[in-house]
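# An overview of the molecular structure
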Amino acid sequence: MTSTGIGAEAGAQAARTRALAVLRIRGRALAVALLPAAALVILLTGGSTGHFVGRGWDTARWTVGVLAVIVLLAASGIAVVVARARPAVSPTVPIPEESAPDLYRMVRDLADRLDVPVPSAIALTPDCDSWLEDRTHPAHGPPAPKGRDELAGPHPHRRAPAAPVLVIGSPFLWWMRVGELRAVLAPVVAGTGPSAHPDIAAARRFVRGLDAAVAVAAVPARCPGTRLVCAGLGWVARLLLRGCREHAALMERGVAAAAAERAQAVDYGLRIVAQEQVGLAYAGWDRLLTRVAVPAWRMGRWPSRLDAGVVAALTELSRRDRLAEGFASRLGERPACDLLEEPGLVDEAASLLAARLFHGGPAEPGPDWSPVDWQEYPDEVVDRTWRTDAARLHRVLDSLGVRATLDPFAPDPGGPTLARVLDHLTDPTARTTRRDHLYDGTGHERSGYEGIGHAGAGHAREGTGCAEDADAYTTEHDATEHDATEHDEAGHTTAGHADARPAGHAESGHAESGHDKDPDAHPAGHGESGHGESGYADAPGVYDTRRSPVYDEETEEATGTERSAALAACLTAAIAREEAAAAATAATGAPLPGSPAPAGQGPHSALWDDGSLPLFPLQPPRTARELLADHVKAMVCCAAVDTAGAAPGLDWLDGPSLLVDGERTADLTPRVLSLIEEGDPAPLRAWLVESGIRPEKPVRLV
């Protein structure tokens, strides 16, 4: 026997040993359930033979008899649930043999060379992985035909023991060549050999049944009695799972080792090269989903050619990275997707399933959940995303009562402008070169925020509801205004006649005279003349960025000025309200127009819980700072498209991009972060001038 055969036999023997250990745990559980009944048999036998007589023995027989009945009923119920509960099945796209005869032929030939059973079917998953999955449970088969004669013969819907299903990652079919796919699938197909062993199959069924029983027990019950029964069921199933956990894990490890040893005889050298393509495909798939697909999903569109996009993304990577130059030369060979009769339809089905798993979208396309081709992506996704975010940003600014321009005497621009966003987020202390025009001939400040006062705050409270979200940022300003009003009544302050300087700065002569000797006598913001500062400093609902930046509680790093933090909080609340409204609409059973009712994969029933979607979220929720940065960048891109002739574009590795003079803009994000975190618009304004973008011109929004 060769070393490969010895290694495969050793792995299979280790797996069988662990499978027997799992079955022994099942046997012990059965013995514990039968123990009261055995004791009852002994007591009854002793009583009939005259050995166990008397009132005490009679009481013992009754007690043990009742206990035995209860335990047997409970054990029978648990056994029925474990046997009949539907095990979890991975959501996949089934591939019938008539739609991929070449692929089935390749897998069948591979199984013959490995001398293992042929997989019963092939399915695709929108992920970079491949495995064998047992779907022999009756719940996974087609439903029984209605009105069938029970005496006509054996039930055709009762499935005979079958080999597991081969699940293949869909990105592999598009990126890998036929030989590489064959080499990658060899150790997976080889796993059907150990899986066919009766002990291993029985141990796997027992573990899957326990797992399904735990899921059944976790379903919310309707009455206290049912909750009590489910609690007992869950406790027993979890106890048995804890006992089987280590043995089941080592059993699967032994099966994998045996399959890997057996597969070494088939395309071993090519498999080493193919494993490099597995890692590359995974990197390209992850980048494509997080950077390209997620923005489209958020807009209610799903790219219908994700697998083809992986090829484009990795080709672009090979163009940029010299280390990946050799990968592009592989594209001349026959791709594995040629093994499918209709690769476009399969790609579309896998793309829709990916959107459902990673984003939680509907199971079927509709008017509010429609596919988008890569050629339409820049206009249908990128441009719409920018304009939707920009429109939301200006709605929030309207709710905060922010003026369209700093100069109250300037004409109305006639629409939303980028200049409005820049002026609002600019820290006054960073605008020393632009301060002269903020004063009129009398020396009074003409801040764009002066005079909005209570009107701006009232507008915020009657607008989109951002006032509640900004209360944490306005409480301090309201208290400051209240103190300033008290000083006005005492004749100490006159609002509107203060030098525009940072709060807290005062000359020593005034700070030491009269009531100014008390550091708490005046609110922060009194200048050298003793007058409270006006404009946005004292206006309720408007946020003074001249204080210190806001800091993150965990990292203790500056995350932006107070004004940017308040705007980010309002944006976060606005998005949360939109998502809550959409979720409430779906929960009431009245889906949005054109949105289909949630359904599972397959023609008969759902194989997973729709309420748990998305099963695999790609990204954590965006922070308030990230949301604000995305909205500001969207506004900048809208201004570039409308005023400078720029165009939306698609970068396969970075997602939505702005094309200025045909070149992708890569240095916009740090300039926007400088505005948000430091209140400094200089880098962004310099870039706008260099690119020919007019921030004062109105832009078109959705």
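Right above here is the structure, for reference.
Just so you know, the residues in each chain are numbered from 1, in the order the chain's sequence is written. Thresholds applied to this predicted model are a pLDDT of at least 70 for local features of residues and 80 or more for the giving and counting of side-chain atom pairs; totals over whole chains, interfaces and linings are not thresholded and use all residues. To obtain the side-chain values, all non-hydrogen atoms of the structure were included, while hydrogens and water were left out.

### A word on the overall build of the protein
In plain terms, the rule: Only DSSP runs of H or I with at least four residues qualify as helices, and only runs of E with at least two residues qualify as strands; both kinds are numbered from the N terminus onward. Only protein chains enter the area calculation, which uses a 1.4 Å probe; residues under 20% of their type maximum are buried, those over 50% are exposed, and those in between are partly exposed. The contact criterion used throughout is that any non-hydrogen atoms of two residues lie within 4.5 Å. Method for areas: the Shrake-Rupley scheme with a 1.4 Å probe, in which residue coverage is limited to the protein chains shown.
What the protein contains, in helices and strands, is 22 helices and eleven strands. Here the protein, with 702 residues, has 43% of them falling under the buried criterion. The contacts of the protein with a sequence gap of at least 6 include a subset with a gap of at least 24, amounting to 77%. When the accessible surface of the protein is totalled, it reaches about 34600 Å², and 57% of it is carbon and sulfur.

### Describing the packing of aromatic side chains
Short version of the rule: For Phe, Tyr and Trp, rings pair up if their centres lie within 6.5 Å, where Trp contributes its six-membered ring, and each pair is then called stacked (planes under 30 degrees apart), edge-to-face (over 60) or tilted (otherwise).
Counted according to the given criterion, the structure contains three aromatic pairs. Arranged with centres 5.9 Å apart and planes meeting at 45 degrees, the rings of tryptophan 374 and tyrosine 377 form a pair that is tilted. By relative accessible area, which is 13% here, tryptophan 374 ends up buried. With 4.9 Å between their ring centres and 70 degrees between their planes, tryptophan 374 and tryptophan 652 make a pair best called edge-to-face. Of the two residues, tryptophan 374 sits in the loop between strand E6 (370–372) and helix H13 (377–399) while tryptophan 652 sits in the loop between strand E9 (647–651) and strand E10 (655–660), which places them 278 residues apart along the sequence. Aromatic rings pair up to connect Trp374, Tyr377 and Trp652 into one cluster.

### Observations concerning the sheet that holds E10
For the record, the criterion: Paired strands, in this sense, are two strands between which DSSP finds at least two bridges.
The three strands lie next to each other as E9-E10-E11, forming an open sheet whose pairing is antiparallel. Every interior strand has two partners, whereas the edge strands, E9 and strand E11 (663–664), have only one. The pairing of E9 with E10 spans five bridges and is classified as antiparallel. Residue pairing for E10: leucine 650 is matched across the bridge by proline 656.

### A look at the pairing of E10
Hairpin connection from E9 to E10: three residues lie between these consecutive antiparallel strands. Pairing of E10 with E11, which is carried by two bridges, proceeds in the antiparallel orientation. Along E11, the bridge assignment pairs valine 660 with glutamate 663. Between E10 and E11, which pair antiparallel in sequence order, lie two residues; one of them, aspartate 661, sits at a positive phi of approximately 60 degrees.

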